[in-house]
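# A closer look at the structure
Read off the chains here:
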Amino acid sequence: MKDVAGMLAEKYGATAEEIVAAGAMKLYLQSMEPAEALRKVRAVYEPKVIRLDSGEGVPVQSNIDGAKYAAFIDESVVFAAQKMRGRGDALAEMVMEKLKAVDGKCLIKCASVEFMSFIEDVYRSLHRREY
């Protein structure tokens, strides 16, 4: 994966709510400078990394702060809803209805592996850009 823009929200959800949340987070992160986006992600995700002989870092036993991830999801949903309100078309109305169903805390409580991997993939993508 080259960057956040290339990530497909559909890959990160087992449910419609997870897909909508992944799309909202993607939109929110893309609205930021890469350094700011990485800072946001680091507040949620703390990788434990080992270095291979090749020099490549591989995360192992990384930590995701569930409460912070839930808050980040909610923040992203609010941002996406504001963007959609600004459009004012029928598609935006439909997206806003889907966004209303997303609750970060509920998502984190029963999140799929695919959904939890979103934050890890974003971290790796943004971290690579830093170097």
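Residues numbered from 1 in each chain as written. Predicted model: local features only at pLDDT ≥ 70, side-chain atom pairs only at ≥ 80, totals over all residues. Heavy atoms only, no water.

### Thoughts on the nonpolar core
- L29, Y69, I73 and F118 are the most contacted members of the largest nonpolar core, which has 37 residues in total.
- Elements supplying a minimum of two residues to this core: α1 (16-30), α2 (34-44), α3 (66-87), α4 (90-100), α5 (104-109) and α6 (113-130).
- The dominant element in this core, judged by the number of residues it contributes, is α3, at nine residues.
- Non-local contacts of F118, meaning those with residues more than four positions away in its chain, are made with M7, Y12, A22, M25, K26, L29 and Y69. (Core = buried A, V, L, I, M, F, W, Y, C linked by side-chain atoms within 4.5 Å. Buried < 20%, exposed > 50% of the residue type's maximum accessible area, 1.4 Å probe, protein only. Helix = DSSP H or I, 4+ residues; strand = E, 2+ residues; numbered from the N terminus. Contact = heavy atoms within 4.5 Å.)

### Some remarks on a nonpolar patch on the surface
- A contiguous nonpolar patch, built from I50, L52 and V60 and spanning about 220 Å² of accessible area, is present on the exposed surface.
- Here I50 shows up in strand β2 (residues 49-51).
- Of the residues examined, I50 reaches a relative accessible area of 43% and is grouped as partly exposed. (Patch = residues over 30% accessible without salt bridge, like charges linked within 9 Å, V, L, I, M, F, W, Y side chains within 5 Å. Areas by Shrake-Rupley, 256 points an atom, 1.4 Å probe, with all protein chains shown as cover. Salt bridge = Lys/Arg side-chain N within 4 Å of Asp/Glu carboxyl O.)

### Some remarks on the pattern of salt bridges
- Evaluation of the coordinates by the stated rule reveals five salt bridges.
- Close ionic contact of R87 with D89 constitutes a salt bridge, the shortest N to O distance being 2.7 Å.
- Look at R87 and you get partly exposed, because its relative accessible area is 46%.
- With a shortest N-O distance of 3.0 Å, E97 and K100 are connected by a salt bridge. Taken together, the residues E97 and K100, both in helix α4 and three residues apart, mark about one turn of the helix.
- Here K100 falls in the exposed class, since its relative accessible area comes to 64%.

### Some words on the packing of aromatic side chains
- Summed over all chains, the structure comprises five aromatic pairs.
- Aromatic pair Y28 and F79: ring centres 5.1 Å apart, planes at 45°, arrangement tilted. Separated by 51 residues along the polypeptide, Y28 in helix α1 and F79 in helix α3 bring together distant segments of the chain.
- One aromatic cluster in this structure is built from Y28, F72 and F79. (Phe/Tyr/Trp six-rings, centres within 6.5 Å; stacked < 30°, edge-to-face > 60°.)

### A look at the packing of α2 against α3
- Axis separation between α2 and α3 bottoms out at 8 Å; the angle between their running directions is 140°. In terms of their interaxial angle, α2 and α3 are classed as oblique. Within the contact between the two elements, α2 uses K40, A43 and V44 and α3 uses K68, Y69, F72 and E75.
- A breakdown of the residues in the contact of α2 with α3 according to their chemical character gives four nonpolar, no polar and three charged. (Axes fitted to C-alpha atoms, helices over the stretch in contact; angles between N-to-C directions. Parallel < 35°, antiparallel > 145°, perpendicular 65-115°, else oblique. Nonpolar A, V, L, I, M, F, W, Y, C, P; charged D, E, K, R; others polar.)

Taken by themselves, the reported measurements are silent on function.
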